[in-house]
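Here's the letter readout for the chains.
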Amino acid sequence: MDSQYDIIVVGAGHAGCEAAVVAAHLGNQVLLITMNLSLVAQMSCNPAIGGIAKGQIVREIDALGGMSGIVTDHTMIQYRMLNRSKGPAMWSPRAQCDKTAFSIYWKYVLEHTDNLHLRQDTVTELLMDGQSVFGVKTQLGKSFQAKKVILTNGTFLNGKIHVGEVNFSGGRIGESASFVLSDQLRECGVKTNKLKTGTPVRIDGRTIDFSKLEEQKGEDNPGRFSFTETPILRNQLSCWITYTNEKVHEILQQGFDKSPMFQGRIQGVGPRYCPSIEDKIVRFADRTRHQLFLEPEGRNTNEYYLNGFSSSLPEDIQVEAIHLIPGLENVEIYRPGYAIEYDYFDPTQLHYTLESKIIRNLYLAGQVNGTTGYEEAACQGLMAGINAHLAIKGAGPLVLARSQAYIGVLIDDLVNKGVQDPYRMFTSRAEYRILLRQDNADARLTPIGRKLGLIDDDRYAEFLHKYENQNLIVTYLKQHTTQYQKINELLEHKETSLLNQNVKLESVLLRPQVSIQDIIDYDSDFSRYLQDIAATSEEIINAETSIKYSSYIQKEEELVQHLSNLDNIRLPSDLDYNNINSLSKEAREKLTKLQPMNLGQASRVSGVSPADITALMIFLRNNQ
């Protein structure tokens with residue numbers, strides 16, 4: 001062997017970077033191998049982090065001690081909180097990033113992380129001892145040994161790029177695909193299949209007529225993704241909105257006979273929730289237009305990303321159609337849109353730690369598990385890195401429950417249900433959205449990060465101070481009475497019913513028309529109190545949320561407590577479901593394949609009915 005390590009991470013995308021850094025922070029000697037060290041954490045698709053549910057995931061990564069939120073805060077060029085018109089359970093931060101700066105900052109993090117070793121090379125083979133992996137071999141003939149290996153190859157495994165009738169191998173346009181690894185894993189019994197994703201044209205901003213577009217600015221007071229004191233965003237760049245039209249659709253339809261998707265040259269299933277423009281035209285034939293977003297790719301480039309116009313049609317068709325879009329009549333194209341087809345591994349063959357059930361000591365994270373999106377990949381990398389470390393130390397695994405984090409929802413969905421198309425996180429996938437808010441990710445997960453050793457003393461002290469302040473604010477509002485004559489001025493202004501007696505400030509805040517800022521403006525004593533404890537705007541808003549939604553939060557917590565009883569009923573690892581005749585045939589097949597750890601996980605397996613769970617409970621009770 002050329003060198004020995006604790007953990008080898010293959011691939012330096014968003015999953016690989018998080019896996020490598022967290023494993024190194026935990027004290028492991030880590031080798032990160034990637035094809036091109038100048039292209040780490042590339043934003044292969046849109047230059048943005050966060051969005052609906054994805055923003056919550058990035059905050060969870062940060063709360064545990066990961067780096068994605070910090071890198072985003074240092075490189076973002078626009079910040080928006082989506083869904084503010086809805087309840088706080090739906091609020092989702094999203095940032096446009098400087099694409100080049102994002103990659104450069106991640107490389108800086110990698111190069112300045114103790115215990116982390118970097119190598120530019122291509123892994124061509126896993127070194128195996130029976131059904132256990134103990135290292136990797138590279139294209140340059142080097143062999144490296146490790147106790148654990150984490151694969152995060154993204155779209156590079158047998159990747160094929162399609163532009164109209166032209167296709168060629170590649171992991172991204174301009175970058176080589178990775179071969180052999182998929183075949184080796186398949187021979188070992190790992191199930192593989194193909195998925196498809198796509199990306200739109202990139203446009204020269206100097207040729208855009210912005211006077212015909214709708215401007216979309218960032219927020220006046222931009223927030224952060226990280227719970228640490230990262231830089232405050234200054235000088236935001238705008239995004240822009242335009243629309244397709246019926247003429248655009250007609251031109252695109254003319255290229256369908258050369259479309260790799262419609263002509264069967266692409267076998268992989270594409271993302272259901274982010275379809276190509278040609279797919280949109282077919283699926284939503286009654287729509288006369290589709291919204292498009294022009295997103296800047298950075299501060300020092302003219303390049304724009306045309307969000308909503310992903311396509312694998314011939315380049316000439318793409319260009320002709322784009323020139324019929326308002327504001328884009330004379331644009332020049334830097335590079336066309338394309339589709340990429342790639343191998344992924346069936347995630348139902350994974351443990352909840354993301355270790356393979358088929359090959360011991362091998363962990364899989366990111367798009368190789370059938371997910372799509374930087375955020376979904378990054379959180380898997382983080383969890384794989386943590387669990388590989390815990391396994392080396394002989395400690396119990398870290399498995400986040402669905403009630404603890406969107407990360408827990410994602411991994412539970414992958415392992416229990418698998419994927420039929422690229423998996424993307426949405427708030428609708430989580431049963432406990434009110435508990436899994438973006439604002440309380442640190443309350444949920446920072447104590448776990450602290451226990452692991454990823455949260456240092458200073459950060460943990462700040463975390464405790466923050467929640468002490470929030471509790472002080474809530475206590476003040478619950479205990480202090482307002483003079484109804486004075487507060488009636490506010491209530492009259494807010495067009496809500498007036499009071500005829502003094503009440504606690506909490507009851508005033510519970511009115512949907514009244515915000516905590518209103519009370520601050522009308523109650524000088526409360527305002528002075530907030531100044532005395534040096535309350536931050538985040539602490540004040542979080543205190544408001546905990547009061548306004550207290551009844552909903554309590555109901556969800558009670559539901560979690562009720563359902564968690566199932567999670568506490570362990571299922572023996574050697575349980576033979578085929579001998580339990582009271583189970584349905586489908587349940588026996590699914591449970592035998594997935595081997596859930598407890599009744600809660602079994603109840604979430606597709607095809608397992610409540611009657612099957614009852615049958616299992618009776619079987620376990622009778623065989624204790």
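Per-chain numbering applies: the sequence of each chain, read as written, is numbered from 1 onward. For a predicted model such as this one, the threshold for reporting local features is a pLDDT of at least 70, and the threshold for listing and counting side-chain atom pairs is 80 or more; totals across whole chains, interfaces and linings nevertheless cover every residue. Side-chain measures here rest on the full set of heavy atoms in the structure, leaving out hydrogens and waters.

We now examine the pattern of salt bridges. Where charged atoms of side chains with opposite charge meet at close range, the side chains can pair. A side-chain nitrogen of Lys or Arg and a carboxyl oxygen of Asp or Glu constitute a salt bridge if their distance falls within 4 Å. Applying the stated criterion across every chain yields a total of 33 salt bridges. Taking the shortest distance from any N to any O, the salt bridge between Arg 186 and Asp 183 comes out at 2.7 Å. Remark: Asp 183 and Arg 186 occur in helix H5 (residues 181–187); sequence separation between them is three residues, near one turn of the helix. Throughout this description, buried means an accessible area under 20% of the type-specific maximum (1.4 Å probe, protein chains only), exposed means over 50%, and partly exposed covers the range between. Assessed through its relative accessible area of 37%, Arg 186 is described here as partly exposed. The exposure class assigned to Asp 183 is partly exposed, which follows from its relative accessible area of 33%. Here Arg 335 ties to Glu 303 by a salt bridge, and the two come within 2.8 Å at their closest N and O atoms. Of this pair, Arg 335 sits in strand S18 (residues 333–335) while Glu 303 is found in strand S17 (residues 303–307), placing the two residues 32 residues apart along the sequence. Residue class for Arg 335 comes out partly exposed when judged on its relative accessible area of 26%. For Glu 303, a relative accessible area of 13% puts it in the buried group. Linked by salt bridges that have partners in common, Arg 402, Asp 412, Asp 413, Lys 417, Glu 431, Asp 567 and Arg 604 make up one network. Helix and strand assignments follow DSSP, with helices taken as H or I runs no shorter than four residues and strands as E runs no shorter than two, numbered in order from the N terminus.

Once that is clear, we can look at the pairing of strand S9 (residues 143–151). Counting buried positions along S9 yields seven of nine residues, so the element is predominantly enclosed. Two strands form a pair only when DSSP identifies at least two bridges running between them. Summarising the sheet, strand S8 (residues 132–138) and S9 pair through three bridges and their orientation is antiparallel. Across the sheet, Lys 137 pairs through a bridge with Ser 143, a residue of S9. In sequence, S8 turns back onto S9 through a hairpin of four residues, with Gly 141 there showing a positive phi of about 85°. Of the pairings in the sheet, the one linking S9 to strand S20 (residues 362–364) comprises three bridges and is parallel in character. Across the sheet, residue Leu 151 finds its bridge partner in S20, namely Leu 364.

To continue, consider the nonpolar core. Among the nonpolar cores identified, the biggest contains 103 residues, and Trp 106 and Ile 407 are the most heavily contacted of them. When residues of this core are assigned to their parent elements, the largest contribution, ten residues, is made by helix H9 (residues 374–393). Contacts between residues were defined by any pair of non-hydrogen atoms, one from each residue, lying within 4.5 Å. Ignoring any residue separated from it by four or fewer positions in sequence, one finds Trp 106 in contact with Cys 17, Glu 18, Val 21, Val 40, Ala 41, Met 67, Ser 68 and Val 71. Residue types Ala, Val, Leu, Ile, Met, Phe, Trp, Tyr and Cys, when buried and joined through side-chain atoms within 4.5 Å, form a set referred to as a nonpolar core.

Moving on, we get to the environment of Asp 574. Within the element layout of this structure, Asp 574 appears in the loop between helix H18 (550–567) and helix H19 (585–594). Separated by 452 residues in the primary sequence, Asp 574 and Thr 122 place their C-alpha atoms 39 Å from one another.

Where helices are involved, their axes are fitted lines through C-alpha atoms of the stretch in contact, as for all axes, and angles between N-to-C directions lie from 0 to 180°. Where helix H1 (residues 14–25) meets helix H4 (residues 99–111), the closest approach of the two axes is 11 Å, and the angle between their N-to-C directions is 25°. The orientation of H1 relative to H4 falls into the category roughly parallel. Considering only the axes of H1 and H4, their crossing is left-handed. Contacts between H1 and H4 involve His 14, Cys 17, Glu 18 and Val 21 from the former and Phe 102, Trp 106, Val 109 and Leu 110 from the latter. Each residue gets one of three labels, nonpolar for Ala, Val, Leu, Ile, Met, Phe, Trp, Tyr, Cys and Pro, charged for Asp, Glu, Lys and Arg, and polar for the others, Gly among them. Considering only residue class, the contact of H1 with H4 consists of six nonpolar, one polar and one charged. Between 65 and 115 degrees an angle is taken as roughly perpendicular, under 35 as roughly parallel, over 145 as roughly antiparallel, and anywhere else as oblique. Whether a crossing is left-handed or right-handed is set by the direction in which the near helix is turned from the far one by less than a right angle, anticlockwise for left-handed and clockwise for right-handed.

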